[in-house]
Amino acid sequence: MSTESRVAIVTGAAQGIGAATAERLAQDGHAVAVVDLKEDNCADTVARITKAGGNALAVGADVSDSDAVEQAVARVADVLGPPTILVNNAGVTRDNLLFKMTEVDWDTVMGVHLRGSFLMSKAAQAHMTAAKWGRIVNLSSTSALGNRGQANYSAAKAGLQGFTKTLAIELGKFGITVNAIAPGFIATEMTKATAERVGVAWEDYKKGAAAQIPVARVGAPEDIANAVSFFTGDAAGFVSGQVLYVAGGPKA
Ligand code: NAP
């Protein structure tokens, strides 16, 4: 079954998993809004998509800011057309053990992952329900199963799984599917920053992670982009409310 050309929004798409996902969705034939905190930071992703013959728009927006989200989604609809694919990928970590975790650490992580996904989904679903077709993919994590030093992040990522299942129930009748992907260790700036914080050289950190992963390697952003491509395609129309662990094994 081939996939029709649509308009997709990928948040946090300046780098890492979001950038690879934006590029993959462009290869799939969709026009892609590359959303990140600063519009300038989206330029590289947009340039790679354009060079490959795709259609992309850079949009600066903080997904935890409701006015910014409203404006961003409206601009995408004006310039590219009504968005019917949304990938809630923007993310931050503020790791610390519970007794050292500040309220700001907690609120920041909840703000980007949960509030951000809520605001983006609420704004985008208006276009999807009108089109009677839509795809929402939320980025969870194996950390949802629990991870030392990540009380805030694991709570947010577990929360996104409940959010996913509820939206799947509410929006299904409009032809909208909602799924979550829970990556294990993916080599990006996020994991690189963790290596720096714990004082382990990046190559050693990846080697240590790979030793714990059944397929004996760490993940690449493209591993996640492939899963997003499946969930957002026409062929996945009967798959909704699912959480797919993409972690090189049953868990990382
Ligand atoms: P990344 O390289 O740090 O990229 C995340 C992007 O999101 C950055 O460009 C960041 O911008 C942007 N962002 C942060 N806050 C934002 C906001 N409020 N509004 C808009 N954009 C914002 O991270 P990644 O590794 O690609 O991770 C992507 C997603 O996958 C995240 O949700 C993450 O939690 C999840 N994940 C990653 C892994 C992994 O191993 N890497 C594993 C499981 C799940 P700035 O750089 O300017 O902050």
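All figures in this text were calculated on a predicted structure; none of them were measured in a lab.

Draft legend 1. Up close: the pairing of strand β4 (residues 85-88). Here β4 shows no split at all, with I85 and V87 on one side and L86 and N88 on the other all buried. As paired strands, strand β1 (residues 7-11) and β4 are joined by three bridges and run parallel to one another. Bridge pairing in β4 links V10 to V87. The sheet contact formed by β4 and strand β5 (residues 134-139) spans four bridges and is parallel. Each bridged residue has a counterpart across the sheet, and for I85 the counterpart in β5 is R135. Taken together, β4, helix α4 (residues 103-131) and β5 constitute a β-α-β crossover, and its handedness is right-handed.

Draft legend 2. Structural context of the sheet that holds strand β2 (residues 31-36). Ordered in space as β3-β2-β1-β4-β5-β6-β7, the seven strands form an open sheet in which the pairing is parallel. Looking at strand neighbours, the two that pair on one side only are β3 (56-60) and β7 (243-246), the edges of this open sheet. With strand direction ignored, the average angle separating the axes of adjacent strands in the sheet is 20°. Pairing analysis gives six bridges linking β5 to strand β6 (residues 176-183), with the strands arranged parallel.

Draft legend 3. Focus on the site of the ligand. Contacts to the ligand come from 29 residues, most closely from Q15, D36, N89, Y153 and T188. The separation between a nitrogen atom of the ligand and a polar main-chain atom of A61 is 3.5 Å. Note that an oxygen atom of the ligand is positioned 2.8 Å from one of the backbone N or O atoms of I186. The fraction of the free accessible surface of the ligand (890 Å²) that becomes covered by protein chains is 88%. Breaking the shell around the ligand down by element, the ones donating at least two residues are α1 (16-27), α4, α5 (151-171) and α6 (189-198). The leading source of residues in the shell around the ligand is α6, at three residues. Here the shell around the ligand is built from residues that sort into 14 nonpolar, 11 polar and four charged. Here the shell around the ligand spans two domains, since at least three of its residues come from each of domain 1 (7-183 + 221-245) and domain 2 (185-218).

Draft legend 4. Highlighting the domain arrangement of the chain. Taken domain by domain, the chain holds domain 1 (7-183 + 221-245) and domain 2 (185-218). For domain 1 and domain 2, the distance between their C-alpha centres works out to 23 Å. Across the boundary between the two partners, domain 1 contributes 12 residues, which contact eight residues of domain 2. Across the domain 1/domain 2 interface, buried area totals approximately 720 Å², and carbon plus sulfur atoms make up 60% of it. Of all residues in domain 1, the largest losses of buried area upon contact with domain 2 belong to D95, P221 and D223, amounting jointly to 43% of the total for that side. Remark: the boundary between domain 1 and domain 2 carries two salt bridges. Measuring nitrogen to oxygen at the nearest pair gives 2.9 Å for the salt bridge that ties R217 to D223. One can count two residue pairs in polar contact (both at pLDDT 80 or more) joining domain 1 with domain 2.

Draft legend 5. Spatial organisation of the pairing of β2. Of all six residues in β2, six are buried, a share of seventy percent or more. Of the two faces of β2, the one lined by A31, A33 and V35 and the one lined by V32, V34 and D36 are each fully buried. Note that β1 and β2 share five bridges and pair parallel. Bridge assignment links V7 to a residue of β2, and that residue is A31. Assessed by its sense of winding, the connection that carries the chain from β1 through α1 to β2 is right-handed. Taken together, the five bridges between β2 and β3 define a ladder with parallel strand orientation. Its bridge partner lying in β3, A33 is registered against L57. Note on the crossover from β2 through helix α2 (residues 43-51) to β3: the handedness is right-handed.

Draft legend 6. The packing of aromatic side chains, seen in detail. Counted under the stated rule, the structure contains three aromatic pairs. Ring geometry for F185 versus W202: centroids 6.3 Å apart, planes at 25°, classification stacked. Residue F185 is located in the loop between β6 and α6, and its partner W202 is located in helix α7 (residues 202-211); the two are separated by 17 residues in the primary sequence. Neither F185 nor W202 differs from the other in exposure class; each is buried. Centroid distance F185 to Y205: 5.7 Å. Interplanar angle 50°. Geometry classified as tilted. On the criterion of sequence distance, the pair formed by F185 in the loop between β6 and α6 and Y205 in helix α7 is long-range, its members being 20 residues apart. Here Y205 falls in the partly exposed class, since its relative accessible area comes to 22%. What links up through ring pairs into an aromatic cluster is the set F185, W202 and Y205. Sitting above the plane of the W133 ring, R6 keeps its charged end 3.4 Å from the centroid.

Reading guide: rules and limits
Residues numbered from 1 in each chain as written. Predicted model: local features only at pLDDT ≥ 70, side-chain atom pairs only at ≥ 80, totals over all residues. Heavy atoms only, no water. Buried < 20%, exposed > 50% of the residue type's maximum accessible area, 1.4 Å probe, protein only. Helix = DSSP H or I, 4+ residues; strand = E, 2+ residues; numbered from the N terminus. Pairing = 2+ DSSP bridges. Right-handed = clockwise from strand over helix to strand, strands pointing away. Axes fitted to C-alpha atoms, helices over the stretch in contact; angles between N-to-C directions. Near = heavy atom within 4 Å. Polar contact = N/O pair within 3.5 Å; in protein donor to acceptor, adjacent residues only side chain to side chain. Areas by Shrake-Rupley, 256 points an atom, 1.4 Å probe, with all protein chains shown as cover. Nonpolar A, V, L, I, M, F, W, Y, C, P; charged D, E, K, R; others polar. Domains from an automatic or database assignment. Contact = heavy atoms within 4.5 Å. Buried area = accessible area lost by both parts, 1.4 Å probe. Salt bridge = Lys/Arg side-chain N within 4 Å of Asp/Glu carboxyl O. Phe/Tyr/Trp six-rings, centres within 6.5 Å; stacked < 30°, edge-to-face > 60°. Lys NZ or Arg CZ within 6 Å of the ring centre and 35° of its normal.

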